[in-house]
Number of protein chains: 2
Amino acid sequence: MGGDYAPANEVAGAVQSLRQSHNEFEVILVGKEEEIRRQLDAHHAQGLSYSVVHADEVIEMDDSPNAALKQKKNSSLAIGVQLHKEGKADAFASIGNTGAVLSASTLILGRIKGVSRPTIGAFFPSETGVCLLVDAGTNVDCRAQHLYEFAVMGSIYAKRVFKYENPKVGLLSIGEEKIKGSEVVQEAHKILESSNLNFIGNVEGRDILKGKAQVVVCDGFVGNVVLKFGESIPGFMKAKLKQYAGGSIWRKLLIGLARGSLRASLREMDYEEFGGVPVLGVNGVSIIGHGGSSPKAIKNMILKAAEVAQSQINKYIEEAMASSLVGQRARHGATLVHTQ
Amino acid sequence: MGGDYAPANEVAGAVQSLRQSHNEFEVILVGKEEEIRRQLDAHHAQGLSYSVVHADEVIEMDDSPNAALKQKKNSSLAIGVQLHKEGKADAFASIGNTGAVLSASTLILGRIKGVSRPTIGAFFPSETGVCLLVDAGTNVDCRAQHLYEFAVMGSIYAKRVFKYENPKVGLLSIGEEKIKGSEVVQEAHKILESSNLNFIGNVEGRDILKGKAQVVVCDGFVGNVVLKFGESIPGFMKAKLKQYAGGSIWRKLLIGLARGSLRASLREMDYEEFGGVPVLGVNGVSIIGHGGSSPKAIKNMILKAAEVAQSQINKYIEEAMASSLVGQRARHGATLVHTQ
């Protein structure tokens with residue numbers, strides 16, 4: 001119920017996902033039942049494998065996440081995550097208030113053992129395939145250990161969901177040499193170097209779209225700025241082309257003819273194709289989409305949630321964290337000896 | 001002598017700048033005299049207002065800035081900046097090692113009184129005109145006071161060189177509310193709010209190309225990542241269009257026809273048009289261009305250097321720093337009273 005066009009786009013997307021997958025899974029629609037059923041009727045949804053669970057309240061986009069979760073116990077968000085917690089659903093997906101989805105997922109589902117901070121990544125197109133940038137805005141002031149954990153979780157996601165065999169992990173910095181970057185980044189470089197990830201060293205801003213790495217690690221401040229900058233490019237291109245086309249009929253004609261091609265090429269920079277991003281590090285599958293998602297984006301998000309639920313990534317994350325904790329202890333031990 | 005194609009592109013650019021400006025200024029070419037004169041001959045430069053000052057050594061792109069400045073006392077870079085220091089030149093411009101240009105400018109020219117850290121910005125195209133992002137990679141770990149100084153210097157540059165009447169200053173963050181962002185950014189927000197700049201509050205990554213502010217303030221880590229990400233977009237677009245065009249003859253034809261229009265629209269994202277960025281906060285005019293600059297980019301850089309030299313921005317920066325120091329003291333005083 002938290003999206004910008006709720007529940008119209010949510011229901012439309014759910015219906016599309018069930019039609020496309022031939023009812024391979026069931027969608028539980030959580031929210032104001034009457035409104036949801038009205039939308040279902042409009043889409044002639046009979047015969048599809050859905051159910052509706054009523055929820056009285058809605059957490060709005062501008063609600064403060066933690067306060068809203070306390071005050072609105074019967075929000076569609078809280079009830080939805082709770083259904084997942086109780087095993088009545090195998091995954092949860094929402095296009096509502098991102099902070100509230102993150103908080104609800106962390107509080108209700110709990111963190112995976114060994115994870116200090118759950119994180120949300122973002123997908124970027126690249127010349128060599130999709131790239132996961134993690135963190136994309138959740139954790140602003142990070143320590144090196146947090147960046148390392150993002151790398152572990154991102155790498156497992158890239159391997160298990162994107163099916164990259166041995167995903168390359170890059171650390172976002174401002175130069176390739178390991179002495180480049182902020183103090184935290186330099187420290188993270190050392191940890192990543194001694195890890196068993198496929199760490200290719202520092203990558204720069206220009207390497208994201210080039211696809212130099214399949215997982216790019218950064219703090220949530222940098223990640224969020226790059227993500228939003230990237231999202232603004234198609235709009236900027238359109239504005240510039242329009243301006244330029246205004247200069248002559250001939251230009252207008254040429255750009256008009258090539259419009260379809262341009263749109264197809266820009267499509268990859270469009271979040272709608274990726275179908276939401278996962279909250280990594282919580283005991284469950286929680287997927288977050290853009291508040292303004294179209295039905296198609298929501299369809300993709302639901303299909304993605306089903307895929308992630310089947311990938312068992314959390315089992316792999318827990319294993320990796322357990323072995324990296326051992327690694328951490330060993331390294332700490334070594335450091336202590338060294339400083340004596 | 002420090003550029004990727006030195007001194008060929010440097011000389012070609014200098015010759016173009018003199019032809020375009022009808023010898024309105026003089027260019028002093030500093031470097032290996034014989035090589036430079038050979039290039040000048042190739043361009044039939046007789047009659048143009050240039051001179052050549054010989055310099056034996058070259059600071060290379062991969063030299064460590066400070067070590068190179070100590071060891072190579074007769075580098076073209078050191079001698080060039082020294083000429084400016086001695087008043088024999090009104091501005092200095094280079095496309096060599098950025099770190100070394102910054103160090104030489106800071107060490108030889110000195111900092112403007114009241115400036116803690118000289119900074120280098122970057123220009124972005126936007127829907128409403130050019131935008132100055134500052135810092136673009138010079139100062140990685142920043143305190144709030146540094147961000148404030150970047151804002152002051154950027155604002156003066158935007159006003160005096162870009163001729164924006166009352167440039168809007170935005171603080172790059174991950175949300176519009178003042179409580180969004182890292183601790184340093186939240187602190188900088190408070191300082192900027194109480195300053196006499198035209199501060200419009202936080203801006204997000206998506207607001208840069210939209211042109212919401214003419215000056216966008218951030219630390220050098222974030223700035224450098226966004227800058228390099230932006231620079232990679234035209235290449236990515238080309239690769240994607242090529243891939244897409246490969247799908248059919250018809251698409252290939254359409255994209256081929258529209259190529260000129262596309263290129264013209266993308267041109268604004270190309271650093272060549274902006275002609276180098278200034279080192280802000282040093283006692284002099286020091287402009288840095290991209291190491292791989294074409295002759296045209298170098299021509300624009302030299303024209304820009306002449307323009308900046310005439311703008312007297314340093315006088316305005318010194319005045320602003322003096323009055324903001326007073327402001328700082330006043331604020332500190334207020335804080336002391338408050339905590340008693």
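Residues numbered from 1 in each chain as written. Chains lettered and ligands numbered in written order. Predicted model: local features only at pLDDT ≥ 70, side-chain atom pairs only at ≥ 80, totals over all residues. Heavy atoms only, no water.

Trainee: Got a sec to walk through a nonpolar patch on the surface? Specific residues and values, please.
Mentor: All names here are of chain A. Nonpolar side chains collect at one region of the surface, where Trp 250, Leu 253 and Leu 257 lie side by side and expose about 330 Å² of accessible area between them. Structurally, the position occupied by Leu 257 is in helix H11 (residues 249-266). By relative accessible area, Leu 257 is classed as partly exposed at 40%. (Patch = residues over 30% accessible without salt bridge, like charges linked within 9 Å, V, L, I, M, F, W, Y side chains within 5 Å. Areas by Shrake-Rupley, 256 points an atom, 1.4 Å probe, with all protein chains shown as cover. Salt bridge = Lys/Arg side-chain N within 4 Å of Asp/Glu carboxyl O. Helix = DSSP H or I, 4+ residues; strand = E, 2+ residues; numbered from the N terminus. Buried < 20%, exposed > 50% of the residue type's maximum accessible area, 1.4 Å probe, protein only.)

Trainee: Give me the lowdown on the pattern of salt bridges, citing residues and values where you can.
Mentor: This structure, assessed with the given rule, holds 20 salt bridges over all chains. With its nearest N and O atoms 3.9 Å apart, the salt bridge here joins A:Arg38 to A:Glu34. Within this pair, A:Arg38 and its partner A:Glu34 are both found in helix H2 (residues 33-42), separated by four residues, close to a single helical turn. Each of the two residues, A:Arg38 as well as A:Glu34, counts as exposed. Residue B:Asp63 pairs with B:Lys72 through a salt bridge whose shortest N-O separation is 2.7 Å. Salt bridges here are not isolated pairs; linked through shared partners, they connect A:Glu176, A:Asp207 and A:Lys212.

Trainee: Which residues make up the packing of helix H6 (residues 144-160) of chain B against helix H7 (residues 183-193) of chain B, and what values go with them?
Mentor: Residues and elements named next belong to chain B. As a packed pair, H6 and H7 sit with axes 8 Å apart at the nearest point and diverge in direction by 50 degrees. If you check the angle between H6 and H7, you find them oblique. The two elements H6 and H7 meet at a crossing, and its hand is right-handed. Contact residues: Ala 144, Gln 145, Leu 147, Tyr 148 and Ala 151 in H6; Val 184, Glu 187, Ala 188, Ile 191 and Leu 192 in H7. Here the residues of the contact of H6 with H7 sort into eight nonpolar, one polar and one charged. (Axes fitted to C-alpha atoms, helices over the stretch in contact; angles between N-to-C directions. Parallel < 35°, antiparallel > 145°, perpendicular 65-115°, else oblique. Left-handed = near helix turned anticlockwise from the far one by under 90°. Contact = heavy atoms within 4.5 Å. Nonpolar A, V, L, I, M, F, W, Y, C, P; charged D, E, K, R; others polar.)

Trainee: I'd love a proper account of the interface of chain A and chain B, names of residues and values included.
Mentor: With 52 residues of chain A at the contact, the number on the chain B side is 52 residues. In total, chain A and chain B occlude about 4600 Å² of area from one another, counting both sides; carbon and sulfur atoms represent 75% of this. Seen at the junction of chain A and chain B, the total is two salt bridges. The tally of links between chain A and chain B comes to six residue pairs in polar contact (both at pLDDT 80 or more). Residue assignment for the side of chain A that touches chain B shows that the elements contributing at least two residues are helix H7 (183-193), helix H8 (207-210), helix H9 (220-231), helix H10 (233-245) and H11 of chain A. If one sorts the elements of the side of chain A that touches chain B by residue count, H11(A) sits on top with 11 residues. In terms of residue class, the side of chain A that touches chain B is built from 27 nonpolar, 15 polar and 10 charged. (Buried area = accessible area lost by both parts, 1.4 Å probe. Polar contact = N/O pair within 3.5 Å; in protein donor to acceptor, adjacent residues only side chain to side chain.)

Trainee: Tell me about the environment of B:Lys159, residues and numbers included.
Mentor: Residues and elements named next belong to chain B. Turning to its location among the elements, Lys 159 is positioned in helix H6. In this structure the C-alpha to C-alpha distance between Lys 159 and Ile 95, which are 64 residues apart in sequence, comes to 25 Å. Apart from the residues within four sequence positions on either side, Lys 159 is in contact with Tyr 164, Glu 165 and Pro 167.

Trainee: I'd like a description of the confidence of the model for chain A, backed by residues and values.
Mentor: Chain-level pLDDT for chain A is 90 on average; 93% of the residues reach the 70-or-more range. Interface confidence for the predicted complex, expressed as ipTM, amounts to 0.88; the pTM equals 0.89. (pLDDT = per-residue confidence, 0-100.)

Trainee: I'd love a proper account of the relation of the copies chain A and chain B, names of residues and values included.
Mentor: Mapping chain A onto chain B calls for a screw motion: a turn of 180 degrees about the axis and a shift of 0.0 Å along it, with 0.0 Å RMSD after fitting. Taken together, the rotation angle and the small translation identify this as a two-fold axis. An overlap of 100% is found between the interface residues of chain A and their copies at the interface of chain B, pointing to a shared contact surface. (Least-squares fit on C-alpha atoms with pLDDT ≥ 70 in both.)

Trainee: Before we move on, can you summarise the packing of helix H1 (residues 8-20) of chain B against helix H2 (residues 33-42) of chain B with the specific residues and values?
Mentor: All names here are of chain B. Their axes nearest at 9 Å, the elements H1 and H2 cross at an angle of 50 degrees. Classified by the angle their axes make, H1 and H2 are oblique. At the point where H1 passes H2, the crossing takes the right-handed sense. Here Ala 8, Val 11 and Val 15 of H1 lie close against H2, whose contacting residues are Ile 36, Gln 39 and Leu 40. A class-by-class count of the residues in the contact of H1 with H2 yields five nonpolar, one polar and no charged.

Trainee: Just give me the short version of the pairing of strand E6 (residues 169-172) of chain B, but keep the residues and values in it.
Mentor: A regular strand places its side chains so that they alternate between the two faces of the sheet. Residue and element names in this part refer to chain B. Of the two faces of E6, both are covered, the one formed by Val 169 and Leu 171 as well as the one formed by Gly 170 and Leu 172. Looking at chain direction, E6 and strand E7 (residues 199-203) are connected through four bridges and run parallel. Counted as the bridge partner of Leu 172 is Val 203 from E7. After leaving E6, the chain enters H7 and then returns to the sheet as E7, a path that is right-handed. Note: E6 against strand E8 (residues 215-217), three bridges, orientation parallel. Pairing of Gly 170 across the sheet is with Val 216, part of E8. (Pairing = 2+ DSSP bridges. Right-handed = clockwise from strand over helix to strand, strands pointing away.)

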